[in-house]
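In case you want the letters, here they are:
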Amino acid sequence: MMDILAIALKALAVLLVADFITGFFHWLEDSYWSPETPVLGKWIVVPNLAHHKSGQDFLKKSWFESSWDLLIIGIVTLGIAYFTKSLSWEVWMFVILVVNANQIHKWAHITRYTNKPKIIGLLQKMYILQRTEHHGQHHRKPNNSHYCTVTNMLNPILDKLHFWRGMEYLMGLKWLKAKL
Ligand SMILES: [Zn+2]
Ligand SMILES: [Zn+2]
């Protein structure tokens, strides 16, 4: 019994870490990257800005079109874990979640009543995957909250703590230091 509980808690922790890391990069992209950012601008920022304007359009893209960049990150992460002999189920679960973060984001643009396969709607109903109304709050102007798109769990905590505004303050300090 304790083993099952320990595994469930570990799985929850992995889910939250994946949600936080993908949310962190989403915040970085929304706040600091622009279409002029080298390499990333054209491939990542332009589609991201288009998505803020029209939430449904990216649903027309295939899994690969939405996830190729995360797939590269996932393969590199698995490679590092393999060569450092730290490949575990937790690493696999983390990589699977990160590689599918954009897909989970897409599912959050389809309601839990209409998502297919039905298991997705069920996971949204159970608050394991992010729900449509929750993600909708990121699409409201000025688009500066609810950066995490995997679960419903982290955003209320991070936004209440003003975590992202604190990070922006720290980034400002860093840039100020670099200028001195
Ligand atoms: Zn955004
Ligand atoms: Zn969205």
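Description of the structure in this document.

**Remarks on the coordination of the zinc ion (ligand 1)**
For the zinc ion (ligand 1), the full set of protein donor atoms is H26 (NE2), D30 (OD), H52 (NE2) and H138 (NE2), and the range of their distances to it is 2.0 to 2.1 Å. Geometry at the zinc ion (ligand 1) is irregular, judged from its four donor atoms and the angles of 95 to 154 degrees they form at the metal. Read in sequence order, the donor residues for the zinc ion (ligand 1) give the motif H-x3-D-x21-H-x85-H. With H26 and D30 both in helix α1 (residues 2–32) and four residues apart, the pair spans about one turn of that helix.

**Let's talk about the side chain of H134**
Residue placement: H134 occurs in helix α7 (residues 132–136). Setting aside residues no more than four positions away along its own chain, H134 makes contact with H146, T151, N152, N155 and P156.

**Here we look at unusual backbone geometry**
When glycine is set aside, most residues are seen to have a negative phi, and most peptide bonds are trans. Between K116 and P117 the backbone carries a cis peptide bond, its omega angle lying at -5 degrees. Tracing the chain through its elements places P117 in the loop between α5 (101–107) and α6 (118–125). Note that the residue after K141, namely P142, is joined by a cis bond; omega there is 5 degrees. If you trace the backbone, P142 turns up in the loop between α7 and α8 (154–160).

**Concerning the nonpolar core**
Ranked by size, the top nonpolar core spans 12 residues in total: V14, L15, A18, L70, L97, V98, A101, I104, W107, I120, L129 and V150. Those elements that provide at least two residues to this core are α1, α4 (89–99) and α5. Membership of the second largest hydrophobic core comes to nine residues, among which are W27, C148, W164 and M167.

Parameters at a glance
- Residues numbered from 1 in each chain as written.
- Chains lettered and ligands numbered in written order.
- Predicted model: local features only at pLDDT ≥ 70, side-chain atom pairs only at ≥ 80, totals over all residues.
- Heavy atoms only, no water.
- Donors = N, O, S within 2.8 Å, 3.2 Å for Na, K, Ca; no water.
- Tetrahedral: all angles 85-135°; square planar, octahedral: opposite > 155°, others 65-115°.
- Helix = DSSP H or I, 4+ residues; strand = E, 2+ residues; numbered from the N terminus.
- Contact = heavy atoms within 4.5 Å.
- Core = buried A, V, L, I, M, F, W, Y, C linked by side-chain atoms within 4.5 Å.
- Buried < 20%, exposed > 50% of the residue type's maximum accessible area, 1.4 Å probe, protein only.

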